[in-house]
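Below, each chain spelled out in residue letters.
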Amino acid sequence: MPVSKTRKKKGSNSHGPAKPAPKRKPPSPAWYVITMFASMAVGVLLVILNYVFTFFGGWGLWVGLVSLAAGFLMTTNYR
């Protein structure tokens, strides 16, 4: 009867000793979360105000969209 291969011990591989687990990054500071949500809120507010009151000229829409984009980009680094 054929004999099956034995299992390797956990943590060992054929390339040498196992690497230690990477250290976890600390959670995001409170100012980062506040800035992230404030940026998105200001962006939404500027875009809405641009369409309701057009006295901003053309810059209100662009500043609002950039602010929204910055807030959403900040969410990629949120922990």
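Residues numbered from 1 in each chain as written. Predicted model: local features only at pLDDT ≥ 70, side-chain atom pairs only at ≥ 80, totals over all residues. Heavy atoms only, no water.

The subject of this paragraph is a nonpolar patch on the surface. Residues Val-44, Ile-48, Val-52 and Phe-53 make up a contiguous nonpolar surface patch of about 360 Å² in total accessible area. In this structure, Phe-53 sits in the loop between α1 (30–52) and α2 (59–74). Looking at Phe-53, the relative accessible area reads 43%, which means it is partly exposed. (Patch = residues over 30% accessible without salt bridge, like charges linked within 9 Å, V, L, I, M, F, W, Y side chains within 5 Å. Areas by Shrake-Rupley, 256 points an atom, 1.4 Å probe, with all protein chains shown as cover. Salt bridge = Lys/Arg side-chain N within 4 Å of Asp/Glu carboxyl O. Helix = DSSP H or I, 4+ residues; strand = E, 2+ residues; numbered from the N terminus. Buried < 20%, exposed > 50% of the residue type's maximum accessible area, 1.4 Å probe, protein only.)

With that settled, consider the side chain of Ser-28. When you line up the elements, Ser-28 lands in the loop between β2 (16–17) and α1. Not counting residues within four places of it along the chain, the set of residues in contact with Ser-28 comprises Val-33, Asn-77, Tyr-78 and Arg-79. (Contact = heavy atoms within 4.5 Å.)

With that settled, the discussion passes to the nonpolar core. Core analysis: the biggest nonpolar cluster contains eight residues, these being Tyr-32, Val-33, Met-36, Met-40, Val-47, Leu-61, Leu-68 and Met-74. Counting only elements with at least two residues in this core, the list comes to α1 and α2. With five residues, the single largest contributor to this core is α1. Not counting the four nearest positions on each side in its chain, Val-47 is found in contact with Leu-61, Gly-64, Leu-65 and Leu-68. (Core = buried A, V, L, I, M, F, W, Y, C linked by side-chain atoms within 4.5 Å.)

Purely spatial values, then, with no claim about function.
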